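Below, each chain spelled out in residue letters.
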Amino acid sequence: MKFTLSWLKDHLETEATVDEIAETLTDLGLEVEGVEDRAARLKDFTIGKVVSAEKHPDADRLRVCQVETDEGVKQIICGAPNAREGITVVVAKPGVYVPGIDTTIGVGKIRGIESFGMMASEREMELSEEHDGIIELPSGEVGARFIDWLAEHDPAKVDPVIEIAITPNRQDALGVRGIARDLAARGLGVLKPQEIAPVPGVFDSPIGVTIEDDTLPGCPHFTGRVIRGVKNGPSPEWLQDRLRAIGLRPISALVDITNFYTYDLNRPLHVFDADKVSGDLRVYRASGGETIMALDDKEYSFLEGQMVIGDDKGPESIAGVMGGAETGCTEETVNVFVESAFWDEIEIAHTGRALKINSDARYRFERGVDPEFTLPGLEAATQMVLDLCGGEPSHVVEAGAPLQTARSYHLNTARVISLVGMEIPKEDQIRYLTALGFSATGKGDVLEVWVPSWRRDVQGEADLVEEVARMASLTKLEPQPMRRPKPGVPKPVLTSMQRREGTARRTMAALGYNECVTYSFIDRASAELFGGGDDATMLENPISSEMSHMRPALLPGLLQAAARNQARGMMDLALFEVGAAFHGGEPGEQNLQATGLLIGQTGPRDPHGARRSVDLYDVKADAEAVLSAIGAPAKVQILRGAREWWHPGRHGMICLGPKKVLGVFGELHPKILAAMDVKGPAMAFTLWPGEVPMPRASGASRGALAISDLQAVERDFAFVVDADMEALNLVNAAAGADKALIEEVRVFDEFIGGSLGEGRKSIALTVRMQPRDKTLTEDEIEAVGAKIVEKVGKATGGVLRG
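The rules behind each value
Residues numbered from 1 in each chain as written. Predicted model: local features only at pLDDT ≥ 70, side-chain atom pairs only at ≥ 80, totals over all residues. Heavy atoms only, no water. Core = buried A, V, L, I, M, F, W, Y, C linked by side-chain atoms within 4.5 Å. Buried < 20%, exposed > 50% of the residue type's maximum accessible area, 1.4 Å probe, protein only. Helix = DSSP H or I, 4+ residues; strand = E, 2+ residues; numbered from the N terminus. Contact = heavy atoms within 4.5 Å. Expected span 1.5 Å × (residues − 1). Arc of directions from axis to C-beta. Pairing = 2+ DSSP bridges. Salt bridge = Lys/Arg side-chain N within 4 Å of Asp/Glu carboxyl O. Axes fitted to C-alpha atoms, helices over the stretch in contact; angles between N-to-C directions. Parallel < 35°, antiparallel > 145°, perpendicular 65-115°, else oblique. Patch = residues over 30% accessible without salt bridge, like charges linked within 9 Å, V, L, I, M, F, W, Y side chains within 5 Å. Areas by Shrake-Rupley, 256 points an atom, 1.4 Å probe, with all protein chains shown as cover. Lys, Arg positive; Asp, Glu negative; His and termini not counted. Charge placed at Lys NZ, Arg CZ, Asp CG, Glu CD. pLDDT = per-residue confidence, 0-100. Phe/Tyr/Trp six-rings, centres within 6.5 Å; stacked < 30°, edge-to-face > 60°.

(A) Looking closely at the nonpolar core. Leu-8, Ile-21, Leu-25, Ile-164, Ile-179, Leu-183 and Tyr-261 are the most contacted members of the largest nonpolar core, which totals 74 residues. The element best represented in this core is helix α9 (residues 374–389), accounting for seven residues. When residues no more than four places from it in sequence are discounted, the contact partners of Tyr-261 are Asn-266, Arg-267, Leu-269, Ala-380, Ala-381 and Met-384. The next biggest cluster of nonpolar side chains, apart from the first, holds 36 residues, and it includes Val-277, Ala-294, Ala-319 and Phe-342.

(B) Fine view of helix α19 (residues 778–796). Helix length check: α19, at 19 residues, gives a terminal C-alpha distance of 27 Å against a target of 27 Å (1.5 Å per residue), a fit within 8%. Within the sequence span of α19, burial applies to Ile-781, Val-784, Gly-785, Ile-788, Val-792 and Thr-796. Seen end-on, α19 carries its buried residues on one side only, within an arc spanning 100 degrees. Away from its buried face by more than 90 degrees, α19 exposes Asp-779 and Lys-794. Tucked inside the fold, the buried residues of α19 contact β41 (713–722), α18 (727–735), β42 (742–752) and β43 (760–769).

(C) Region of interest: the pairing of strand β38 (residues 646–655). Within β38, seven of the ten residues are buried, which leaves it mostly tucked inside the rest of the structure. Of the pairings in the sheet, the one linking strand β37 (residues 637–639) to β38 comprises three bridges and is antiparallel in character. In the strand pairing of β38, Ile-638 is matched with Ile-654. Here β37 folds back onto β38 in antiparallel fashion, the turn holding six residues, of which Gly-641 has a positive phi close to 100 degrees. Examined bridge by bridge, β38 and strand β39 (residues 661–668) share six bridges and lie antiparallel to one another. Following the sheet pairing, His-651 is matched in β39 by Gly-666. What sits between the antiparallel neighbours β38 and β39 is a turn of five residues, in which Gly-657 has the positive phi angle 90 degrees.

(D) Structural detail: the pattern of salt bridges. With the rule as written, the count across this model stands at 48 salt bridges. One salt bridge connects Asp-618 with Arg-612, and the closest N-O pair in it is separated by 2.6 Å. For Asp-618, a relative accessible area of 15% gives the class buried. By sharing partners, the salt bridges in this structure join Arg-170, Asp-172, Asp-182, Arg-455, Asp-457, Glu-467 and Arg-470 into a single network.

(E) Inspection of the environment of Lys-43 at higher detail. Tracing the backbone through its elements, the reader meets Lys-43 in the loop between β3 (32–36) and β4 (46–55). The class of Lys-43 is partly exposed, set by a relative accessible area of 43%. As a C-alpha pair, Lys-43 and Ser-278 span 235 residues in sequence and 54 Å in three-dimensional space. The contact partners of Lys-43, leaving out residues within four places of it in the chain, are Arg-145 and Ile-147.

(F) Spatial organisation of the sheet that holds strand β33 (residues 573–582). Spatially, the seven strands line up as an open sheet ordered β30-β33-β34-β40-β39-β38-β37, and their pairing is mixed. The strands lining the two open edges of the sheet, one partner per strand, are β30 (514–515) and β37. Sitting on the sheet, helix α15 (residues 555–567) touches β33, β34 (590–599), β38, β39 and β40 (682–687), and the angle it makes with β33 is about 150 degrees.

(G) Summary view of the packing of helix α11 (residues 426–435) against helix α12 (residues 461–472). In contact at an axis separation of 9 Å, α11 and α12 are set at 100 degrees when each is read in the N-to-C sense. In terms of their interaxial angle, α11 and α12 are classed as roughly perpendicular. Here α11 contributes Gln-429, Tyr-432 and Leu-433 to the contact with α12, which in turn contributes Leu-464, Glu-467, Val-468, Met-471 and Ala-472.

(H) Quick look at unusual backbone geometry. Cis geometry is adopted by the peptide bond preceding Pro-681, which originates at Gly-680 and carries an omega value of 5 degrees. With respect to the helices and strands, the residue Pro-681 is situated in the loop between α17 (670–675) and β40. Phi at Glu-126 takes a positive value of approximately 55 degrees, unusual for a residue other than glycine. For Glu-126, the location among the structural elements is in the loop between β12 (118–119) and α3 (146–153). For Glu-126, a relative accessible area of 34% puts it in the partly exposed group.

(I) Broad picture of the environment of Pro-695. Considering the arrangement of structural elements, one finds Pro-695 in the loop between β40 and β41. Residues Pro-695 and Met-1 lie 694 residues apart in sequence; the distance between their C-alpha atoms is 58 Å.

(J) Local environment of a positive patch on the surface. A cluster of like positive charges, contributed by Lys-739, Lys-787, Lys-791 and Lys-794, occupies part of the molecular surface. With respect to the helices and strands, the residue Lys-794 is situated in helix α19.

(K) Geometry of the side chain of Thr-537. Positionally, Thr-537 belongs in the loop between α14 (524–529) and β32 (549–550). In this structure Thr-537 comes out as buried when scored by relative accessible area, which is 4%. If we ignore the near neighbours within four places in the chain, the residues touching Thr-537 are Ser-548, His-549, Met-550, Phe-582, His-583 and Gly-584.

(L) Local environment of the confidence of the model for the protein. Of the residues in the protein, 98% reach a pLDDT of 70 or more, and the chain-wide mean stands at 91. Between the elements of the protein, mean pLDDT differs from a low of 84, seen in strand β35 (residues 601–602), to a high of 97, seen in β40.

(M) Spotlight on the packing of aromatic side chains. Applying the stated criterion to the full structure yields nine aromatic pairs. Centroid distance Trp-7 to Phe-260: 5.4 Å. Interplanar angle 5 degrees. Geometry classified as stacked. Of this pair, Trp-7 sits in helix α1 (residues 5–9) while Phe-260 sits in helix α6 (residues 253–264); the two residues are 253 residues apart in sequence, bridging distant segments of the chain. Here Trp-7 and Phe-260 have matching classes, each one buried.

(N) Here's a closer look at α15. Here α15 is 13 residues long and its end C-alpha atoms lie 18 Å apart, about the 18 Å a rise of 1.5 Å per residue gives. Downstream of α15 by one or two residues, Gly-569 has phi in the positive range, about 90 degrees.

Here you go:
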């Protein structure tokens with residue numbers, strides 16, 4: 001939303017500077033995106049006077065002018081038809097940048113004669129579209145800055161332009177008056193009164209209006225009138241200056257008037273050439289397939305159900321979005337029909353999106369305009385048409401009625417203070433709300449507040465609290481220490497799972513991983529690769545096709561981040577994320593995951609400058625470190641059988657029994673990397689902190705440390721088993737031979753082939769026995785060894801290798 005300082009002052013009586021206004025607007029929530037100082041680009045132009053102007057010897061249309069400047073008399077070649085002796089002009093000396101032609105002036109030769117600058121036209125200085133001749137000033141001192149003269153004689157042309165960002169809930173700030181109201185309520189000036197008197201009609205409108213019943217929800221109120229005998233020429237200079245300053249191109253008086261009120265009062269209007277309208281106007285829904293040539297010279301085809309303004313010939317306007325070219329106004333227009341209607345926000349948004357039309361009218365209607373200003377907006381536009389174009393108005397024709405938006409909410413002034421955290425007296429709260437157009441009455445702490453029709457966004461007490469806070473300025477908030485209810489150490493704020501989540505995050509960061517925070521939404525194809533992508537996790541209204549489903553795992557987001565980094569030359573990556581993954585769309589159908597991803601090479605370089613590639617044992621060690629940090633038991637099992645996105649022979653599940661999976665580590669399947677456009681191999685781990693058992697009693701300490709003074713005994717066993725037998729089975733069987741005595745069983749060797757024969761292998765185990773009460777005798781050791789051989793043989797069919 002753009003506006004100029006002088007435009008703002010039409011509604012606000014203030015002496016505030018542009019900087020003060022900009023700072024206040026941002027503080028009020030209307031963030032200033034920029035302030036354009038239009039005078040700055042003209043600061044180097046000076047005033048000169050043409051001493052003589054003679055015909056160029058080699059060109060009929062050029063004049064060799066001697067121009068008096070602040071640096072003396074300079075020779076300037078000029079082709080303007082009004083270049084002549086005695087006129088006061090605007091001079092651009094060599095080195096001056098001319099914005100209208102995007103050129104820096106230099107000394108040059110034109111047909112053999114040197115020229116030391118140029119005399120500028122209004123278009124070359126971007127003051128208007130006038131370019132038939134150079135600027136002729138009625139006064140001015142030679143050598144003076146042109147902007148100083150302009151600021152004194154025509155300040156609107158160098159008025160600062162302020163641009164603000166409008167949030168969707170502040171539709172009232174899409175008009176300059178709404179912005180002025182906010183500033184006045186803050187105390188930066190006084191809002192000028194606005195009186196819109198009805199314009200009496202002098203004849204009955206030859207064009208009637210109707211709204212079909214099924215269209216009424218989309219257009220509850222439609223007003224208009226005919227004005228005959230208008231003269232549609234260029235709009236006055238002040239109006240052109242304002243529109244041009246905010247980036248709009250002046251077209252004609254009738255069109256410029258509608259554009260003016262769109263920005264001035266947030267009241268979009270449309271003007272039909274009444275002589276081109278056949279019969280009455282009616283608002284109806286399209287059957288589908290009707291076409292219209294719009295004012296942007298593009299043809300659009302209506303979809304079934306879209307709202308249309310039409311006459312006896314067919315569609316004449318895309319309701320609330322854009323008018324039709326056939327009934328558009330031209331310089332020959334003498335009779336017009338001025339339309340002011342209220343359109344439903346959702347209907348306009350759907351139509352504009354379906355037809356891919358962006359217009360100022362659509363932008364405002366889909367955010368909501370004042371439903372009670374439909375008829376006053378028509379009266380204001382009528383008066384300006386009469387003032388600028390002449391003519392005589394008809395009586396108003398009207399269909400439907402304004403929406404009844406009157407509503408009130410209770411506001412507890414004491415609760416405002418509690419919620420905002422500032423001491424805002426009740427009297428100030430009433431003053432703020434009243435200045436914004438609300439009506440606040442009541443006794444005690446509770447007020448009844450009536451909402452003005454232009455504040456469609458205010459829907460409850462919370463919105464009223466926000467309005468008070470905006471006016472009081474949240475920049476005045478001072479930090480206050482929280483009061484402790486009683487002395488001593490307060491109870492923990494974080495839950496056990498929250499503490500565990502934080503521990504996992506800190507541990508992975510300490511291991512050298514870089515944290516990623518990816519979107520919880522991913523595309524269907526990526527979700528399907530990781531077991532998701534079904535209807536249960538599909539978003540009803542996704543931001544884009546790349547964010548259509550809730551993520552079933554954290555890995556797809558990390559892989560997408562890795563692909564983006566690799567595309568920029570970063571090949572060695574260590575990424576992690578802790579967050580929720582979803583297996584359904586209902587509350588509770590999610591789980592907390594902690595995922596790490598390693599790609600490329602790791603570790604310091606060796607003396608020869610080489611580094612090794614990451615492998616699955618890197619992620620296994622990191623996964624075990626994280627599990628240990630969050631309190632997982634030390635004794636776990638490593639099993640196969642993870643999901644299909646893991647490499648079938650290079651992964652392991654960290655389990656407490658076959659059904660209690662704490663995590664998975666290993667290499668990702670090559671087909672997954674290819675689908676995600678990641679250059680592998682890639683190692684990863686995923687942990688489920690919620691699966692790690694919680695301590696049995698809150699605050700329970702660890703058990704006593706049991707250390708034996710007796711010498712441990714180790715014995716080695718080599719078993720011959722089938723080649724497909726997993727070593728874990730042997731380890732578990734050996735450990736179960738005497739759980740009280742056997743402290744550890746580990747694999748230290750595997751041998752395949754040789755004398756063992758086809759389909760057989762040898763697995764060697766080291767069994768560590770730790771006595772507790774007395775030193776073991778040789779017989780006791782042999783007895784345990786025999787039991788180990790028996791257990792392993794029974795569980796795996798293995799026999800001692802000879």
